Amino acid sequence: MKLKRFIAQCAAAAALAGACALAPAPLLAHNFHAGITDISYNERSGSTEVVHTYMAHDVEALLTNLYQRQFDLSDPDDQAVFRKYVEKQFWLADKDKRRLPLNWVGMTADAQSVTIYQEAPQTPAAKVEIIHDAVLTDFMPDQLNTVNLTVAGSLRTFGFSSSQSEFNVH
């Protein structure tokens, strides 16, 4: 990942975490549900990289609601449960509506945020024609997911919600 992109993603995650830390508890619990995803091509690896950041509180609430138990996202077994959910709710497709293979690279979680790393190996970002993002929108109707897609140096931003889970990007 290019240093500039990495710094931008860290800044976005820090802004999201900062908003969480400064917001009053009732706001966190009920009114502010957001995720940020960055999709960009890594020339060095030849792969399109996908980095998602969500509020830890929202992810934990979703998993508790789905499975009726507490989750520890530092536990590999609990990470696997969330991975299965994300892979069902987020995907990319080409012009023929075939899903692009997205490998799970890993995830990190702390008290403020959950960050997920995926990649479409040996796939330029220009191949992405359709983005489907329903992560957390099936659980929280007011969840808003912002996806930033960078292709050939041009940034496009898409807003996903419970009523808009898919975009044709071209």
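Since the model is a prediction, treat every value here as computed from it, not as a measurement.

Before we go on, may I ask you to explain the side chain of Thr115 in this structure?
Within the fold, Thr115 resides in strand E5 (residues 113-120). Judged by its relative accessible area of 9%, Thr115 is buried. When neighbours within four sequence positions are excluded, Thr115 is seen to be in contact with Val51, His52, Thr53, Gly106, Met107 and Thr108.

Looking at this structure, how should I read the packing of helix H3 (residues 56-67) against helix H4 (residues 76-89)?
For any two helices packed against each other, the geometry comes down to the angle between their axes and how far apart the axes lie. Contact pair H3 / H4: the axes reach a minimum separation of 11 Å and the direction vectors enclose 95°. Relative to H4, the element H3 lies roughly perpendicular. When H3 is examined against H4, the residues Val59, Leu62, Leu63, Leu66 and Tyr67 are found in contact with a partner set consisting of Val81, Phe82 and Tyr85. Class assignment for the residues of the contact of H3 with H4 results in 8 nonpolar, no polar and no charged.

What am I meant to see in the sheet that holds E5 here?
Within a sheet, adjacent strands bond to each other through the backbone by hydrogen bonds, running parallel or antiparallel. In spatial order, the strands read E4-E5-E2-E1-E7-E8; together these 6 strands make up an open sheet with mixed pairing. One side of each edge strand has no neighbouring strand; the edge strands of this open sheet are strand E4 (103-109) and strand E8 (154-160). Each neighbouring strand pair of the sheet contributes to a mean axis angle of 15°, computed without reference to strand direction. Strand direction decides the pairing type here: E4 and E5, joined by 6 bridges, are antiparallel. In the strand pairing of E5, Ala109 is matched with Val114. Along the sheet, H3 contacts strand E1 (34-42), strand E2 (47-55) and E5; its crossing angle with E2, the most-contacted strand, is approximately 85°. Contacting E4 and E5, H4 runs over the sheet at an angle of about 125° to E4.

Criteria and thresholds
Residues numbered from 1 in each chain as written. Predicted model: local features only at pLDDT ≥ 70, side-chain atom pairs only at ≥ 80, totals over all residues. Heavy atoms only, no water. Helix = DSSP H or I, 4+ residues; strand = E, 2+ residues; numbered from the N terminus. Buried < 20%, exposed > 50% of the residue type's maximum accessible area, 1.4 Å probe, protein only. Contact = heavy atoms within 4.5 Å. Axes fitted to C-alpha atoms, helices over the stretch in contact; angles between N-to-C directions. Parallel < 35°, antiparallel > 145°, perpendicular 65-115°, else oblique. Nonpolar A, V, L, I, M, F, W, Y, C, P; charged D, E, K, R; others polar. Pairing = 2+ DSSP bridges.

Limitation: the analysis is restricted to geometry and does not speak to function.
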